[in-house]
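# Structural overview
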Amino acid sequence: MLNTDNSWHESLKNRITSLPGLIEALKEYDTGITGTYSPAKELELWLAENPEGRRFCLPFAVTRYYLGLAFRAGLQEADRLAVLRQAIPSAKEYSFTPDELKDPLGENKYSPCSRFIHRYPDRALILTADSCGVFCRHCFRRGFSGQLSGALKPGELSEICSYIEEHPEINEILLSGGDPLTLSDSRILEIVRSIKDVRSDIVIRICSRMPVVLPSRITPEFTAMLSEFSGIWMVTHFNTSPEVSAEAAAAVKEMIKAGVPVLNQTVLLRGVNDSSEQLARLFRALLSAGVKPYYLFQGDLARGTSHLRVPLEKSLEIAAELRTMVSGMAMPKFAVDLPGGGGKVTLPDGCEIIRKENNYYYFRGTDDREYSYPAD
Ligand SMILES: *Cc1c(COP(=O)(O)O)cnc(C)c1O
Ligand code: SF4
């Protein structure tokens, strides 16, 4: 099942990145999808709303593997749509709400050097690559992902390493982006080695959606390379149970065999996973595959994502239901990254809802200041 060559490079290069390409690819499948959502209708709307030259905030790309997941035999319609809605752009992405922000997490002010975010004292994040296998329509890093800044440059890496050296309070480095696994093994090795050379005990967290959107990326060469190190973790981004395919489970198993524990972050998404039953299925499937559900996130206030956001009131209900349905191991921390730089806070316990006023919930951020989030 796992590739022994580097054909993932080809699969990544050949992913679908244009509307005609998508229409062509959809022809291969039975696109007689009924109900409230059809990819064909969505594409028509997109065309109608897309006069020449107008771009979405986030480019479009989907791997053939991921598109194919939506059309596997025996899938229920809700599951099929749960996959498609994450990958196929909607004309609704042109609409911004007043609450939405260009820099939804207020990260700019926490960037001491290029492509580096030091938001929390003991851990920091590197924007290693700007590309992804699938550009997720809900991505909150759309200000960076797909914006053509390319891979981390050697000069930027050495600047970051000097910063890490001067900040011994940092114990953990997140490799994020974009998707770090769009980089070649040798580039990843260079990054991991440079960081470990500065501090051998530092924990490296690889944040990647590749096990979900292109499991063939997890090659024996890649896992063998990582097994040479210790203290490497992976955090994936499975949002719905059909994504936990046999291929994805095999990829995860190879990571675990190489000594890399795998955790998962899920984003609550409207029409994708906004029911406790769907999420319970996902978390059980992840646990069976050896993946610990780590976070369940309320959608960030990224521009053009309102159609995918679950109203916070409903999210709180779903989380409360879930807690009664699945084991403690299967239950992730439910959290919101407070808009404007308030940081990640867990809900509803661990974070106090101060009040609800004018259709906004008010929270205390990790810096003890007040932040709001719309209730619906
Ligand atoms: C989420 C995040 C982290 C990691 O936070 P954890 O709660 O440890 O998962 C680190 N840095 C930034 C900028 C983040 O957004
Ligand atoms: S893989 Fe991550 S960074 Fe890339 S589009 Fe999806 S959410 Fe954004």
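Structure: above.
Now for a quick tour of the structure. Everything numeric here is computed off the predicted structure, so don't read it as measured data. (Residues numbered from 1 in each chain as written. Chains lettered and ligands numbered in written order. Predicted model: local features only at pLDDT ≥ 70, side-chain atom pairs only at ≥ 80, totals over all residues. Heavy atoms only, no water.)

### Some remarks on the site of ligand 1
In the vicinity of ligand 1, the contacting residues are Glu 107, Ile 117, Arg 119, Tyr 120, Arg 123, Leu 125, Leu 174, Arg 205, Tyr 294, Tyr 295 and Lys 344. Arg 205 places a polar side-chain atom, nitrogen or oxygen, 2.8 Å from an oxygen atom of ligand 1. The contact in question runs from an oxygen atom of ligand 1 to an N or O atom on the side chain of Tyr 295, over 2.6 Å. Taking 380 Å² as the accessible area of ligand 1 by itself, protein coverage stands at 92%. Put simply, the parts of the chain that give the shell around ligand 1 at least two residues each are strand 1 (116-120), strand 2 (123-127) and strand 7 (292-297). Considering every element that reaches the shell around ligand 1, the biggest residue donor is strand 1, with three residues. (Near = heavy atom within 4 Å. Polar contact = N/O pair within 3.5 Å; in protein donor to acceptor, adjacent residues only side chain to side chain. Areas by Shrake-Rupley, 256 points an atom, 1.4 Å probe, with all protein chains shown as cover. Helix = DSSP H or I, 4+ residues; strand = E, 2+ residues; numbered from the N terminus.)

### So, the pattern of salt bridges
Taken as a whole, this structure holds 19 salt bridges when the rule is applied. The partner of Glu 100 in a salt bridge is Arg 309, and the shortest N-O contact between them spans 3.0 Å. Placement of Glu 100 in the loop between helix 5 (77-87) and strand 1 and of Arg 309 in the loop between strand 7 and helix 12 (312-325) is noted, with a sequence separation of 209 residues between them. Accessibility expressed as a relative area gives 7% for Glu 100, which makes it buried. Among the residues examined, Arg 309 registers a relative accessible area of 11% and is labelled buried. Between Glu 172 and Arg 205 there is a salt bridge, and its shortest N-O distance comes to 2.7 Å. In this pair, Glu 172 sits in strand 3 (residues 172-176) while Arg 205 sits in strand 4 (residues 203-207), placing the two residues 33 residues apart along the sequence. The same class applies to Glu 172 as to Arg 205, namely buried. (Salt bridge = Lys/Arg side-chain N within 4 Å of Asp/Glu carboxyl O. Buried < 20%, exposed > 50% of the residue type's maximum accessible area, 1.4 Å probe, protein only.)

### Topic: the pairing of strand 2
With four of five residues buried, strand 2 is to be regarded as a mostly interior element. In the sheet, strand 1 pairs with strand 2 via three bridges, with the strands oriented antiparallel. Counterpart to Tyr 120 in the pairing with strand 2 is Arg 123. Taking the residues that link successive antiparallel strands as the turn, the strand 1-strand 2 hairpin has two residues. In this structure, strand 2 lies alongside strand 3, joined through five bridges in parallel fashion. From the neighbouring strand, Ala 124 faces strand 3, where its bridge partner is Ile 173. In the classification by handedness, the crossover that spans strand 2, the intervening helix 6 (residues 154-166) and the parallel strand 3 is right-handed. (Pairing = 2+ DSSP bridges. Right-handed = clockwise from strand over helix to strand, strands pointing away.)

### Quick look at the site of ligand 2
The immediate surroundings of ligand 2 are formed by Cys 132, Val 134, Phe 135, Cys 136, Cys 139, Ser 145, Gly 178, Arg 209 and His 237. Here the residues of the shell around ligand 2 sort into five nonpolar, three polar and one charged. (Nonpolar A, V, L, I, M, F, W, Y, C, P; charged D, E, K, R; others polar.)

### Some words on the environment of Arg 123
Looking at the secondary structure, you find Arg 123 in strand 2. For the pair Arg 123 and Tyr 94, spaced 29 residues apart in sequence, the C-alpha to C-alpha distance is 34 Å.

### A few points about the sheet that holds strand 4
Spatially, 1-2-3-4-5-6-7-8-9 is the arrangement adopted by the nine strands of the open sheet, whose pairing is mixed. Looking at which strands have only one partner, the edges of the open sheet turn out to be strand 1 and strand 9 (343-346). Here the average twist between neighbouring strands, direction ignored, is 25 degrees. As paired strands, strand 8 (residues 333-338) and strand 9 are joined by four bridges and run antiparallel to one another. Counterpart to Asp 337 in the pairing with strand 9 is Lys 344. On top of the sheet, helix 6 reaches strand 1, strand 2 and strand 3; it is set at about 25 degrees to strand 1, its chief contact. (Axes fitted to C-alpha atoms, helices over the stretch in contact; angles between N-to-C directions. Contact = heavy atoms within 4.5 Å.)

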